[in-house]
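An overview of the molecular structure
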Amino acid sequence: MRQRSRRRIMRATVELVDQRGYAGTTLTDIAERAGLARGLLSYYFDGKRLLMQAATHRLMHQALSGALAELPPDATPEGRLARAIDAVLGLAMDHPRVMRSHLALILDPDTGAFVQEPEQQQLGAILQGLLVDWGASDPVAEHAVLRSALMGGCIGVLLPGAEIPLAPIRADLFRRYDLAWELGRPPQPLPPERERPRARG
């Protein structure tokens, strides 16, 4: 019952923030959407900010697990890592308000903090497992780098007024892990060409 209630609250949070944004969503709204008493939200989550973080990590965990489950059992480590990267970057395209809100909250030094709650730990465990299979010599450290790179990629896609297309962001990540462009779910048939530096003189 407790887990079901938590899941309902997190699902309602994502749905409402998708529609109204973080500032336009109240805890009362979330409780009503989840069909639960307002007081239960405070029992399960210590404030709206931490609820938002848990809800976003759950969304990412679900997206990642679902994407990997679609692959055949004999998928290569490279194919699985490529699919994972695409799944996370895809959330920035499919849930821009949720991802913007999440990133803004954890990057705010006054109110933000990266909390390693259960949803985040499950997400991290999957990514570290993929990196182990891929051949990372230090999966924990490499996971931190991948997590930062994915966050940076999402910021690039979502930055208001200065958005970067998904393809070059994905291409840079794939080059880092030596992944073929056609793996995962490419946003276009061929990778974008890297801009060549101009010759001097």
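Residues numbered from 1 in each chain as written. Predicted model: local features only at pLDDT ≥ 70, side-chain atom pairs only at ≥ 80, totals over all residues. Heavy atoms only, no water.

**Comments concerning the confidence of the model for the protein chain**
The condition is simple: As a per-residue measure, pLDDT reflects the predictor's confidence and takes values from 0 up to 100. In this text, helices come from DSSP runs of H or I with a minimum length of four residues, and strands from runs of E with a minimum of two, each type numbered from the N-terminal end. Throughout, a contact is declared for two residues whenever any of their heavy atoms are within 4.5 Å.
For the protein chain, mean pLDDT is 91; residues scoring 70 or higher make up 93% of the total. Across the protein chain, the element-wise mean pLDDT spans from 88 in helix α3 (residues 38-44) up to 97 in helix α5 (residues 77-94). Within the model, the stretch residues 195-201 combines pLDDT values under 50 with 0 contacts to residues more than four positions away or in other chains.

**Some thoughts on the layout of surface pockets**
Spelled out, the test is: Site definitions follow a grid-based scheme: protein atoms alone, a 1 Å grid, a 1.4 Å probe that fits but cannot get out for cavities, and for pockets an open set with protein on both sides within 12 Å along at least five of seven lines, plus lining residues having an atom within 4 Å of a point. Grid points are joined across faces, edges and corners, and a volume is the space filled by probe spheres set on the points.
Size it by volume and the largest pocket reaches roughly 160 Å³. Lining the largest pocket are Gln3, Arg6, Arg7, Met10, Arg58, His61, Gln62, Pro118, Glu119 and Gln122. Taken together, the elements giving at least two residues each to the lining of the largest pocket come down to α1 (2-20), α4 (48-69) and α7 (118-134). Here the lining of the largest pocket gets 4 residues from one element, more than from any other, and that element is α1.

**What about the side chain of Asp86?**
Note the threshold: As used in this structure description, the phrase polar contact means that two N or O atoms lie within 3.5 Å; if the pair is within protein, one of them must be able to donate a hydrogen and the other to accept it, and residues adjacent in sequence are counted only when both atoms belong to side chains.
When you line up the elements, Asp86 lands in helix α5. Here the side chain of Asp86 touches Arg170 through a polar contact of 2.7 Å, side chain to side chain. One polar contact links the side chain of Asp86 to the main-chain amide nitrogen of Arg185, over a distance of 2.5 Å.

**Remarks on the pattern of salt bridges**
Applied cut-off: Here, a salt bridge means any side-chain nitrogen of Lys or Arg that lies within 4 Å of a carboxyl oxygen of Asp or Glu. Between buried and exposed lies partly exposed: a residue is buried under 20% and exposed over 50% of the maximum accessible area for its type, with that area taken using a 1.4 Å probe on protein chains only.
One pass over the structure, following the stated rule, counts 7 salt bridges. Here Arg185 ties to Glu70 by a salt bridge, and the two come within 2.8 Å at their closest N and O atoms. Taken together, the residues span a long stretch of sequence, with Arg185 in the segment after α9 (166-176) and Glu70 in the loop between α4 and α5 at a distance of 115 residues. Just as Arg185 is exposed, Glu70 falls in that class too. Ionic contacts of the salt-bridge type, sharing partners, join the residues Glu70, Arg83 and Arg185 into one network.

**Let's talk about the packing of α7 against helix α8 (residues 139-158)**
Counted only if it meets this: As a rule, the C-alpha atoms of each element are fitted with a line to give its axis, helices using only the stretch in contact, and angles between N-to-C directions run from 0 to 180 degrees. Convention used here: angles under 35 degrees read as roughly parallel, angles over 145 as roughly antiparallel, angles from 65 to 115 as roughly perpendicular, and any remaining angle as oblique. Helix crossings are classified by the rotation of the near helix relative to the far one: an anticlockwise turn of less than a right angle makes the crossing left-handed, while a clockwise turn makes it right-handed. Just so you know the grouping, Ala, Val, Leu, Ile, Met, Phe, Trp, Tyr, Cys and Pro go in nonpolar, Asp, Glu, Lys and Arg go in charged, and all remaining residues, Gly too, go in polar.
Here α7 crosses α8 at 115 degrees, and the two axes come no closer than 9 Å. Here α7 lies roughly perpendicular to α8, going by the angle between them. The element α7 and its partner α8 pack so that their crossing is right-handed. When α7 is examined against α8, the residues Gln120, Gly124, Leu127, Gln128, Leu131 and Val132 are found in contact with a partner set consisting of Pro139, Val140, Glu142, His143, Leu146 and Arg147. Of the residues assigned to the contact of α7 with α8, the class counts are 6 nonpolar, 4 polar and 2 charged.

**So, unusual backbone geometry**
Most peptide bonds take the trans configuration, and most residues that are not glycine carry a negative phi. In this structure, Asp178 takes a positive phi of about 55 degrees despite not being glycine. In this fold, Asp178 is placed in the segment after α9.

**Let's talk about the packing of aromatic side chains**
Condition: Note on aromatic contacts: the rings of Phe and Tyr and the six-membered ring of Trp form a pair at centre separations within 6.5 Å, being stacked when their planes are under 30 degrees apart, edge-to-face when over 60 apart, and tilted otherwise. Over a ring means this: the NZ of a Lys or the CZ of an Arg is within 6 Å of the ring centre and within 35 degrees of the ring normal.
Under the definition given, this model contains 2 aromatic pairs. Note on Tyr43 and Tyr44: the rings are 5.0 Å apart at their centroids and 70 degrees apart in plane angle, and the pair reads as edge-to-face. Taking 5.2 Å as the distance between ring centres and 75 degrees as the angle between the ring planes, the aromatic pair formed by Trp134 and Tyr177 counts as edge-to-face. Of this pair, Trp134 sits in helix α7 while Tyr177 sits in the segment after α9, and the two are 43 residues apart along the sequence. A relative accessible area of 1% means that Tyr177 is categorised as buried. A cation sits over an aromatic face here: Arg170 above Phe174, 3.8 Å from the ring centre.

**Some details on empty space enclosed by the protein**
Going through the model one piece at a time under the given rule, you end up with 1 cavity of 30 Å³ or more. Estimated volume of the largest cavity: approximately 170 Å³. Residue lining of the largest cavity: 15 residues in total, with His57, Met60, Leu123, Arg147 and Met151 positioned closest to the centre. Mapped by element, the contributors of at least two residues to the lining of the largest cavity are α4, α6 (96-107), α7 and α8. When its residues are assigned to classes, the lining of the largest cavity shows 10 nonpolar, 4 polar and 1 charged.

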